[in-house]
Amino acid sequence: MPVILEGKLNISHVNTLQQPDQELNFTAQLHMNKIVNTIYANGALKHSTGSDNFSSLLTLNFKLRLSDFGIVVPEGWSDEITIQIYHAMLKTE
């Protein structure tokens, strides 16, 4: 089944040509295993001056408990996992 993360960053827009690095907060709905929960993530938007391929890198990090989504892990395993999302914004011609 697909996992869907939908929400909005706490910034109005992203300027991919020139922008100072920014710390971000992200509130979203995470749809997984037919269960929907609200998650809160921290992240950063970093402008890249040394890359020929991308202009900015967006990162988001959050923790979640698998049991909140009806997922049972084997005994001795941690129920909490850390999710890290990286999104490169490509340069336009």
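Residues numbered from 1 in each chain as written. Predicted model: local features only at pLDDT ≥ 70, side-chain atom pairs only at ≥ 80, totals over all residues. Heavy atoms only, no water.

Observations concerning the overall build of the chain
Here is step 1: Looking only at helices and strands, one finds 0 helices and 5 strands in the chain.
Here is step 2: If you list the helices and strands of the chain from N to C, you get β-β-β-β-β.
Here is step 3: Residues classed as buried in the chain amount to 26% of the 93 residues present.
Here is step 4: In the chain, once contacts between residues fewer than 6 apart in sequence are set aside, the share between residues at least 24 apart is 45%. (Helix = DSSP H or I, 4+ residues; strand = E, 2+ residues; numbered from the N terminus. Buried < 20%, exposed > 50% of the residue type's maximum accessible area, 1.4 Å probe, protein only. Contact = heavy atoms within 4.5 Å.)

Focus: the environment of Gln-29
Here is step 1: With respect to the helices and strands, the residue Gln-29 is situated in strand β2 (residues 22–32).
Here is step 2: Using a relative accessible area of 30% as the deciding quantity, one classes Gln-29 as partly exposed.
Here is step 3: Along the sequence, Gln-29 and Ile-39 sit 10 residues apart, while their C-alpha atoms lie 6.2 Å from each other.
Here is step 4: The residues contacting Gln-29, other than those within four sequence positions of it, are Ile-4, Leu-5, Glu-6, Val-36, Asn-37 and Thr-38.

Description of the pattern of salt bridges
When charged atoms on two side chains of opposite charge get close, those side chains can pair.
Here is step 1: By the definition in use, this model includes 2 salt bridges.
Here is step 2: Notably, a salt bridge pairs Lys-63 with Glu-80, separated by 3.9 Å at the nearest N-O pair. Of this pair, Lys-63 sits in strand β4 (residues 54–65) while Glu-80 sits in strand β5 (residues 80–90), and the two are 17 residues apart along the sequence.
Here is step 3: We classify Lys-63 as exposed; its relative accessible area is 54%.
Here is step 4: In this structure, Arg-65 and Asp-68 form a salt bridge, with 3.2 Å as the shortest nitrogen-oxygen distance.
Here is step 5: Assessed through its relative accessible area of 32%, Asp-68 is described here as partly exposed. (Salt bridge = Lys/Arg side-chain N within 4 Å of Asp/Glu carboxyl O.)

Let's talk about the environment of Asp-79
Here is step 1: The topology assignment puts Asp-79 in the loop between β4 and β5.
Here is step 2: Residues Asp-79 and Ser-67, 12 residues apart in the sequence, show an inter-C-alpha distance of 6.6 Å.
Here is step 3: Look past the residues within four positions of Asp-79 in its chain and what remains in contact with it is Leu-64, Arg-65, Leu-66, Ser-67, Ile-71 and Val-73.
Here is step 4: Reaching out from Asp-79, the side chain makes a polar contact with the side chain of Ser-67 at a distance of 2.7 Å. (Polar contact = N/O pair within 3.5 Å; in protein donor to acceptor, adjacent residues only side chain to side chain.)

Regarding the sheet that holds β2
Picture the strands of a sheet paired through backbone hydrogen bonds; they go either parallel or antiparallel.
Here is step 1: Pairing is antiparallel across the open sheet formed by 5 strands, whose spatial order is β1-β2-β3-β4-β5. Each end of this open sheet is capped by a strand with a single partner; those strands are β1 (4–9) and β5. Strand-to-strand twist of the sheet, defined as the mean angle between neighbouring strand axes without regard to direction, takes the value 25°.
Here is step 2: Taken together, the 11 bridges between β2 and strand β3 (residues 35–47) define a ladder with antiparallel strand orientation. Residue pairing across strands places Glu-23 opposite Ala-44, the latter belonging to β3. (Pairing = 2+ DSSP bridges. Axes fitted to C-alpha atoms, helices over the stretch in contact; angles between N-to-C directions.)

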